[in-house]
Each structure stands twice: as structure tokens, then as C-alpha cells.
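Residue-level structure breakdown
Listed below are the residues making up each chain.
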Amino acid sequence: MPLIIMCGFPCSGKTRRAVELKEYFEQNTGKSVHIVGDRTLGIEKNAVYSDSQIEKKVRGSLRAEAERRVNKEDIVILDSLNYIKGYRYELFCLIKHIQTPHCLVYCLTSAEVSSTWNTQRNAEEQYTQDIVDALVLRFEPPDSRNRWDSPLFTIQKEDTLPFEAISDAIFKRKPPPPNQSTQSQPLSSTNFLYELDKVTQDVLMAILNYQKTSVAGDFIAVPGATEKIELTRSLNMAELRKLRRQFISYTKMHPTENIGHIANMFIQYINKSIH
């Protein structure tokens, strides 16, 4: 079932609109609607949005929870800032892989209105003004010309949600077609499996060897790869083997046609998993 992505400045009315959508669809479709967002994770927003590494982990948790909730019966609403263009593209790739429609609801307000609404919240629910200002500066507004931002519904504070149009967008549209990077494929060849096993093992050994003389913050160059491991902390053999098993399982179902990309793909997977 579809994914509805909320987007907007902090304190721009996203949660209120998400609740309105939830009530509408539950009353008019009889389907269950799940809201996934900062509140459902119970995060402390000022701590999260003042630390880029923590924020990155939270975005990953939100994406994972949305993916877990998406099924053939329910509607999922992702109620968060979703202010980074690259993150919205990741969500688009997710719905392509799952083969479900999506839409974006952009709660458009001025920075001044968002700041005013922030001060009207209970003290424990407020952002600090510095965080509000920083998030407004970093905000990358959606653009309907981008396929990952379309269909786009831009809602201002005095607007009524276009419930029927949003319903049509998620129920009467076909999901975007899967591409080679998201569609499951059979195993390519015995040579592919051999290279997958060998390259991933070589990467593991390189990490273990370089860790002996490296410290947190170093970038580890791996022979045969252009990507580098960003060493944010020490990695033990058990953790590396687990990451390798997970990567191999995934890659067997989604093989690349270019064996030379395996090392870079594995390094990207490790970097994403350990941050």
C-alpha cells in the first residue's frame, strides 16, 4: 500500500496534516493507517538535529520503520522533516523496490511562521531557535519536476487538504517501474559468486590490517576500490563477518553486472551500517 511523505520546515503543521490524512483514509477506505515519525521513535529533537551523525541514524531508523510498515493492506505516512533531497530520493528507490505508489505533501510556511508556531508549543516540545534557523537554512524544497518529489501537493497554512486528489495519486496511479538496481534478479554466474566471496573477504582483511595503525576518523583505502572506509570506531571480526554475510545475501538477490563494482558496493554498505 502507498507511502505518503510529509515535508516541511520544523513546526510547519506536518503532524496536524498527517493526522487529518489518517482520519480521512480510515473513515473513507476502511484501511489501517500508520504514522511513522520523530514522535513514534521518541527522539529528543534538539539533541538529534544538532548532531549530524545522530540525525543520520534517526533518518535510517525512520526509513527502516516505514519499510517495515509498508504492506499490501495499510497506508503509511512518514511524518518528519524529510528536508534532504537525497533522502527523499532514497525513499523513492524504496517504493520502486517495494512496487507501491507514493506522494509528497509539502507543508509550506515562512520561517517566521514556523518560529512563531514553535514558541506556542509546550516547552518540552519546542526546538531551540538556533536549531530552527539551521534547519530552515539546510532545507531543500521539493520540486515536482523531480520524479522522486512527484506527485507533489503543496499546502499552505490556510488550505484544506485536497483529500480526493491525494487519494487518486496513491490509489489510481501505478507504482514507478523497478529498474535494474531495485529489481531482484537471478544469480549471474558461478564466477560472480566466486568474485563476491573473494572480494568481500579481501575487504575484511584490509580493514583488520589497517585498523592496527589507524584511529577513529581515518579513511581506509582498500586495494581495488575507489571508495574508502570511514573508520568512525573500531570494528571487530565478528561484526565484520556479520556485515559480510548480510551483504552477500542481499547481493545474491540483486547482483551487479559489473563485478568490478563489488568492492565499492561493499564499502558503501559498511559505511552506511556503522554510522
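In the block above lies the structure referred to throughout.
Below, the structure is looked at part by part. Just so you know, these numbers come straight off a predicted model, no measurement behind them.

1. Topic: the environment of Gly8
With respect to the element layout, Gly8 can be found in strand β1 (residues 3–8). When the C-alpha positions of Gly8 and Asp202 are compared, they lie 44 Å apart, and in sequence the two are 194 residues distant. Sequence-distant contacts of Gly8, defined by excluding residues within four places in its chain, comprise Lys14, Leu81, Tyr106, Cys107 and Phe139.

2. Brief notes about the environment of Thr15
Counting through the fold element by element, Thr15 comes out in helix α1 (residues 14–29). Separated by 63 residues in the primary sequence, Thr15 and Leu78 place their C-alpha atoms 9.6 Å from one another. With near-sequence residues (within four places) excluded, Thr15 lies in contact with Arg39 and Asp79.

3. A few points about the sheet that holds strand β5 (residues 152–156)
Pairing in this open sheet of five strands is parallel, and the strands run β2-β3-β1-β4-β5 from one edge to the other. Two strands close off the open sheet at either side, each with one partner strand: β2 (33–37) and β5. Averaged over all adjacent pairs, the angle separating strand axes in this sheet is 20 degrees, with direction ignored. Along the sheet face, α1 touches β1, β2, β3 (75–79), β4 (102–108) and β5 and points at about 155 degrees away from the line of β1.

4. What about the pairing of β4?
Across the seven residues of β4, six count as buried, placing the element largely inside the fold. Bridge count between β1 and β4: six bridges; the pairing is parallel. Counterpart to Cys7 in the pairing with β4 is Tyr106. Across five bridges, the pairing between β4 and β5 is parallel. Paired with Leu108 across the strands is Gln156, a residue of β5.

5. Here we look at the pairing of β3
Most of β3 sits inside the fold, with five of its five residues counted as buried. Of the two faces of β3, the one holding Ile75, Ile77 and Asp79 and the one holding Val76 and Leu78 are both buried throughout. Here β1 pairs with β3 via three bridges, running parallel. Along β3, the bridge assignment pairs Ile5 with Leu78. Bridge count between β2 and β3: five bridges; the pairing is parallel. Within β3, the residue paired with Gly37 across the bridge is Asp79.

About the cut-offs
Residues numbered from 1 in each chain as written. Predicted model: local features only at pLDDT ≥ 70, side-chain atom pairs only at ≥ 80, totals over all residues. Heavy atoms only, no water. Helix = DSSP H or I, 4+ residues; strand = E, 2+ residues; numbered from the N terminus. Contact = heavy atoms within 4.5 Å. Pairing = 2+ DSSP bridges. Axes fitted to C-alpha atoms, helices over the stretch in contact; angles between N-to-C directions. Buried < 20%, exposed > 50% of the residue type's maximum accessible area, 1.4 Å probe, protein only.

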